[in-house]
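Below are the chains, spelled out letter by letter.
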Amino acid sequence: MWRKCLFIVLGFFTLAQLNAAHLKGGWIQYEYLGDGASANSSRYRITVRQYLDCSSRAGQRDAVVHLGIFNSLSSILVNTISIPLTGTDNLDKGTYDPCLSSRPRVCYIIDRYTTELELPNTIEGYTLSVQRCCRIDNIINVGANSDQIGVSYTNTIPGRINSINYQKNSSPVFAQRDTAIVCFNAPFTFDFGAIDADGDSLSYSFCSGVIGGSTGAGGQQPNPPTPPPYAPVLYEAPFDGGIPMSPSVTINPNTGLISGTAPPITGEYIVAVCASEFRNGVKIGETRKEIHIQVADCSLSAADLKPTYISCNGYTLTFQNESTGAAANYLWDFGVTNSTTDISSNPTPTYTYADTGTYRLTLKVTNTGGCQDSAFAEVRIYPGFTPDIQIDGTCYLNEYTFKDATFTRYGNVNSWKWNFGDNTTLADTSLAKDSSWKYAAPTNTNIKLIVTNSKGCIDSITKPFAVLDRPSLNLAFKDTLICSIDTLPLLANVGAGTITWTPDIPGSLTRISNRNIANPLVYPIDTTRYIVSINNNGCINQDTVTVNVLDFISVDAGIAASICRTDTIQLQTVSDALSYQWTNRAGTTVSRDKFPKLAPLQNEIYYVSANLGYCQARDSVRINVAPYPAVRLGPDTVICFGNRLNLPATMVGASFQWSPTNSMINSNTLNPLAGPSRTTAYTLTVSDTLGCNKSVTDTIIVRVVQPLTVNAGRDTAGLPDQPIQLRATGVGRFSWSPSTGLNNAAIANPIATLPTGIDSITYTVRLTGEGGCFAEDQMTIRVFADGPQIFVPSGFTPNGDGKNEILRPVTVGITRINYFTIFNRWGQRIFTTAELNKGWDGTFNGEPQPAGTYVFQVEGTDYLGKRIYKKGTAVLIR
């Protein structure tokens with residue numbers, strides 16, 4: 001995937017409106033050559049560099065430039081010099097990345113205007129200025145009518161600063177690394193680094209472009225230039241001098257390297273860089289270079305890395321290709337000497353170095369079209385870099401001192417940037433290792449320090465800081481008590497300054513060891529207030545300590561008390577003493593507290609010695625110990641509904657109480673009789689009134705099994721040796737008695753086979769459930785020795801009383817009813833069925849039939865397959 005590119009074309013200002021599009025930038029350099037011919041003067045070589053497009057014609061190039069020299073303090077013009085063209089440099093980019101889709105020409109003519117001059121040494125110093133108008137139209141970060149805006153090149157020659165002369169100084173020289181092609185909307189770098197011949201430290205920052213000249217007659221190249229200060233360019237939002245291209249484009253303050261992601265909009269951008277020059281932490285000058293960076297529509301598939309990767313807190317780093325171009329393959333080499341395993345094909349690898357050091361990182365990428373590209377970067381692994389600050393001072397009336405306390409395991413700390421957090425000024429900064437600052441008023445603020453070391457580490461620390469209105473003064477105590485025969489050390493924690501203690505009682509000055517130390521000894525005979533003051537160069541603070549004096553002390557250990565064994569009691573001592581020692585009857589020390597917490601296991605007497613210095617008092621107190629009451633109930637149990645049980649309980653105590661008692665008999669006894677109708681939890685509470693006034697409880701749960709229901713089945717009839725199926729219903733364990741004739745007396749549905757000679761038998765079935773609870777039912781079998789028969793009752797009474805309601809045939813040895821039919825006296829059939837055990841309820845078509853005699857016919861089949869028929873009458877009684 002191709003990406004947009006940005007190529008940097010140094011575009012600048014106009015020779016005239018006609019020539020505006022050919023100017024590409026410029027800056028002023030000066031060199032100190034030595035003392036001047038006149039007394040107290042210096043000689044300098046001044047060079048003005050002006051960049052033009054390589055297509056510029058002779059008529060578009062300035063034959064001279066007009067240099068204005070101004071007093072830096074008053075801005076009064078000192079001199080104007082017209083400098084002729086003295087030389088030209090030609091820069092033309094000849095090598096291009098093979099993966100670049102198009103090759104925009106990057107070519108510059110750099111005209112040099114050089115002269116030598118002599119200037120008197122002044123306290124104020126000088127400002128150098130050259131002005132031209134106008135810039136090109138449609139500059140992206142300025143907006144419309146940018147062709148009506150001119151430019152001012154400036155530099156400063158220092159004078160005397162803080163009583164030190166800095167006239168013998170040469171300005172930094174920017175390197176001519178001005179041909180570059182950088183990807184559009186992707187990471188790029190541009191080097192604004194400079195070299196200082198005097199070895200001064202340089203700090204780089206974006207700054208606002210400044211305007212100069214005008215479109216009027218003579219305003220395109222003013223002679224002389226207008227005096228400073230010069231107004232900044234009016235940038236169009238969201239741009240400004242500090243953000244000339246995009247928020248991601250930044251400049252390294254130590255190297256001058258611009259890096260970041262190029263903006264997405266093509267066109268030209270004003271970019272100005274100021275190189276501030278520091279000597280021994282004092283800023284002595286500022287050199288400004290202003291260019292136009294042009295974002296062009298070109299495309300590139302490439303490898304791109306940051307210039308340097310630094311780890312100051314570990315050995316592990318994660319890398320990625322900073323290019324947005326599409327890549328099919330990656331090959332990383334992490335630069336470990338004599339290693340063949342320090343490679344990766346991961347697009348975003350993480351690598352842990354085994355040791356500290358500087359390594360050369362290599363990235364090779366191949367895009368989908370086969371184009372290869374490489375990038376290199378330096379990797380520095382130097383963990384162990386922790387910034388810290390030490391602050392000393394008393395109050396805002398004096399300066400606070402700020403000292404660097406940074407720890408670095410490797411290399412040495414080599415740069416500092418302080419911000420003292422003074423919101424009343426912008427000058428509260430310093431580049432010195434240690435510095436000081438005087439605040440205008442008390443405030444709460446934050447101190448920030450940015451530090452670097454010689455290995456390339458950079459880190460910062462911010463500390464909250466209170467600017468005090470008075471010196472720090474902290475007392476260990478402000479109110480205390482001593483005996484009249486004692487000596488007391490007063491304890492004050494103070495900073496630098498003069499300390500004075502003053503007692504408030506006349507004549508007490510002789511009863512203090514030294515009034516001018518932080519911790520004097522005092523021995524007052526009466527209660528005295530000691531006022532302490534601290535004075536540090538006019539910063540004053542004071543506080544007071546009150547020393548109460550007693551001639552003697554007393555102690556009251558309290559009245560005798562009773563507690564339960566294993567409990568804790570806190571004694572309430574009454575005394576003015578400051579130290580205590582408690583012992584038991586054996587003489588063992590048990591506490592040194594005024595209000596001790598004690599837990600004796602038996603009756604005990606405690607003795608207390610109370611001291612206030614050399615004054616002492618004694619007392620004792622008796623503590624009686626009684627055991628806790630005890631209670632124990634038996635395990636939870638189960639009873640059947642309607643049963644009762646005695647609750648098992650034992651106890652040690654003076655009284656007891658059961659709850660609940662509504663299902664108990666004799667609830668005032670330890671073993672009452674309980675007969676609950678549902679599951680109930682019974683609680684026994686036992687109390688003691690013999691020294692341990694506490695209660696204990698235990699609970700027993702009596703679970704009640706509700707009544708069981710069992711049905712043995714209907715009475716029936718059978719023949720000798722004929723199997724009869726019994727069917728009992730219920731939930732639980734079944735047992736039948738007697739077991740005569742049963743194939744299994746322990747199941748719900750045994751089979752009964754009765755021999756000849758038994759006329760009838762009654763079986764009882766017992767259903768046993770949880771806890772042994774049971775229920776019983778009975779059924780009777782009548783045995784007919786005459787063979788299979790069908791019996792029909794002679795009458796029935798369907799009156800709703802639940803007795804003899806149905807007229808049905810009673811069968812013996814019959815396996816199936818073929819029909820059972822009822823006729824009224826007119827021969828009309830009013831009921832018929834073929835189901836065993838089903839009968840007539842005395843109705844026809846839902847209407848009750850009258851009392852009277854009715855005819856029945858019934859036919860069945862016995863267990864041998866024979867047909868049994870019977871006919872007769874039955875009486876319906878109402």
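Residues numbered from 1 in each chain as written. Predicted model: local features only at pLDDT ≥ 70, side-chain atom pairs only at ≥ 80, totals over all residues. Heavy atoms only, no water.

This brings us to the side chain of Glu805. Turning to its location among the elements, Glu805 is positioned in the loop between β71 (795–796) and β72 (810–812). In this structure Glu805 is buried but unpaired, with Arg878 as the nearest side chain of opposite charge at 7.5 Å. A polar contact of 2.7 Å, which involves the side chain of Glu805, links it to the backbone nitrogen of Asp801. Polar side-chain contacts of Glu805 include one of 2.8 Å to the backbone nitrogen of Gly802. With near-sequence residues (within four places) excluded, Glu805 lies in contact with Phe796, Thr797, Pro798, Asn799, Gly800, Trp840 and Asp841. (Helix = DSSP H or I, 4+ residues; strand = E, 2+ residues; numbered from the N terminus. Buried < 20%, exposed > 50% of the residue type's maximum accessible area, 1.4 Å probe, protein only. Lys, Arg positive; Asp, Glu negative; His and termini not counted. Salt bridge = Lys/Arg side-chain N within 4 Å of Asp/Glu carboxyl O. Polar contact = N/O pair within 3.5 Å; in protein donor to acceptor, adjacent residues only side chain to side chain. Contact = heavy atoms within 4.5 Å.)

Tallying each qualifying case throughout the model produces 21 salt bridges. One salt bridge in this structure joins Asp62 and Arg132, with 3.0 Å as the shortest N-O distance. One end of the pair, Asp62, is in the loop between β3 (41–53) and β4 (64–71); the other, Arg132, is in strand β8 (residues 126–132), and 70 residues separate them in sequence. The pair Asp62 / Arg132 is uniform in exposure class, with both members buried. For Asp543, the salt bridge identified is with Lys478, shortest N-O distance 2.9 Å.

All right, on to the packing of aromatic side chains then. Within the structure shown, the criterion is met by 27 aromatic pairs. Aromatic pair Phe820 and Phe831: ring centres 6.3 Å apart, planes at 75 degrees, arrangement edge-to-face. With Phe820 in strand β73 (residues 814–823) and Phe831 in strand β74 (residues 829–833), this residue pair connects regions lying 11 residues apart in the sequence. Each member of the pair, Phe820 as well as Phe831, is classed as buried. Relative to Tyr854, the ring of Trp840 lies with its centre 5.2 Å away and its plane at 65 degrees, an arrangement referred to as edge-to-face. With Trp840 in the loop between β74 and β75 (843–844) and Tyr854 in strand β77 (residues 852–862), the pair connects residues that are 14 residues apart, well separated along the chain. Each of the two residues, Trp840 as well as Tyr854, counts as buried. (Phe/Tyr/Trp six-rings, centres within 6.5 Å; stacked < 30°, edge-to-face > 60°.)

A general tendency of soluble globular proteins is for nonpolar side chains to be buried together. Ile258, Val271 and Val273 are the most contacted members of the largest nonpolar core, which has 35 residues in total. Once residues within four sequence positions are removed from consideration, Val271 is found in contact with Phe206, Pro244, Met245, Ile258, Lys289, Glu290, Ile291 and Ile293. Listed in part, the 21 residues of the second largest apolar core include Ile569, Leu598, Tyr606 and Val621. (Core = buried A, V, L, I, M, F, W, Y, C linked by side-chain atoms within 4.5 Å.)

Attention now goes to the sheet that holds strand β17 (residues 250–251). If you walk across this open sheet you meet the three strands as β14-β18-β17, and the pairing is antiparallel. The open sheet terminates on both sides in strands that have one partner only, identified here as β14 (187–191) and β17. Relative to strand β18 (residues 257–261), β14 runs antiparallel, the two sharing five bridges. Bridging from a neighbouring strand, Phe188 pairs with Gly260 of β18. (Pairing = 2+ DSSP bridges.)

Here we take up the environment of Ala557. Mapped onto the secondary structure, Ala557 falls in the loop between β46 (555–556) and β47 (561–564). Using a relative accessible area of 3% as the deciding quantity, one classes Ala557 as buried. Taking the C-alpha atoms as reference points, Ala557 and Thr573, 16 residues apart in sequence, are found 4.9 Å from one another. Discounting residues that sit within four places of it in the chain, Ala557 has contacts with Trp582, Val608, Asp619, Ser620 and Val621.

This brings us to the state of the cysteines. A complete count under the given rule lists eight disulfides for this structure. Between the sulfur of Cys483 and that of Cys615 lies a disulfide, 1.4 Å long from S to S. Here Cys615 lies in strand β54 (residues 615–626) and Cys483 lies in strand β39 (residues 479–483), a separation of 132 residues in the sequence. Neither residue differs from the other here; Cys483 and Cys615 are each classed as buried. Paired through a disulfide, Cys640 and Cys773 show a sulfur-sulfur distance of 1.7 Å. (Disulfide = S-S within 2.5 Å.)

As a further point, take the environment of Thr386. For Thr386, the position within the fold is in strand β29 (residues 385–386). Placed 19 residues apart in sequence, Thr386 and Ala405 show a C-alpha to C-alpha distance of 8.9 Å. Among all residues touching Thr386, those that are not within four sequence positions of it are Thr406 and Phe407.

Our next topic: the pairing of β39. Counting buried residues along β39, four of its five residues qualify, which places the element largely inside the surrounding structure. Pairing of β39 with strand β45 (residues 539–550), which is carried by five bridges, proceeds in the parallel orientation. Across the sheet, the residue bridging to Cys483 is Leu550, located in β45.

Before going further, it helps to examine unusual backbone geometry. In this structure, Pro238 follows Ala237 across a cis peptide bond, with omega equal to 10 degrees. By secondary structure assignment, the location of Pro238 is in the loop between β16 (201–207) and β17. A cis amide bond links Ser659 to the next residue, Pro660, at an omega of -5 degrees. Counting through the fold element by element, Pro660 comes out in the loop between β59 (655–659) and β60 (664–665). Phi is positive for Ser163, which is not a glycine, with a value near 70 degrees. Here Asn280, not a glycine, exhibits a phi torsion of approximately 55 degrees, which is positive.

Moving on to the confidence of the model for the protein. Of all residues in the protein, 95% have pLDDT values of 70 or greater, and the mean over the chain is 89. Within the model, pLDDT remains below 50 along residues 1–21, and this stretch shows 137 contacts once partners closer than five positions in the same chain are excluded. (pLDDT = per-residue confidence, 0-100.)

So, on to the environment of Leu431. The topology assignment puts Leu431 in the loop between β34 (429–430) and β35 (435–437). Owing to a relative accessible area of 23%, Leu431 belongs among the partly exposed residues under this scheme. Taking the C-alpha atoms as reference points, Leu431 and Asn646, 215 residues apart in sequence, are found 95 Å from one another. When sequence neighbours within four positions are dropped, the list of residues in contact with Leu431 reads Phe278, Gly281, Trp416 and Lys417.

On to the sheet that holds β39. Across the sheet, which stays open at both edges, the four strands sit in the order β39-β45-β44-β42 with mixed pairing between neighbours. Each end of this open sheet is capped by a strand with a single partner; those strands are β39 and β42 (498–503). Neighbour to neighbour, the strand axes of the sheet diverge by 25 degrees on average, direction disregarded. (Axes fitted to C-alpha atoms, helices over the stretch in contact; angles between N-to-C directions.)

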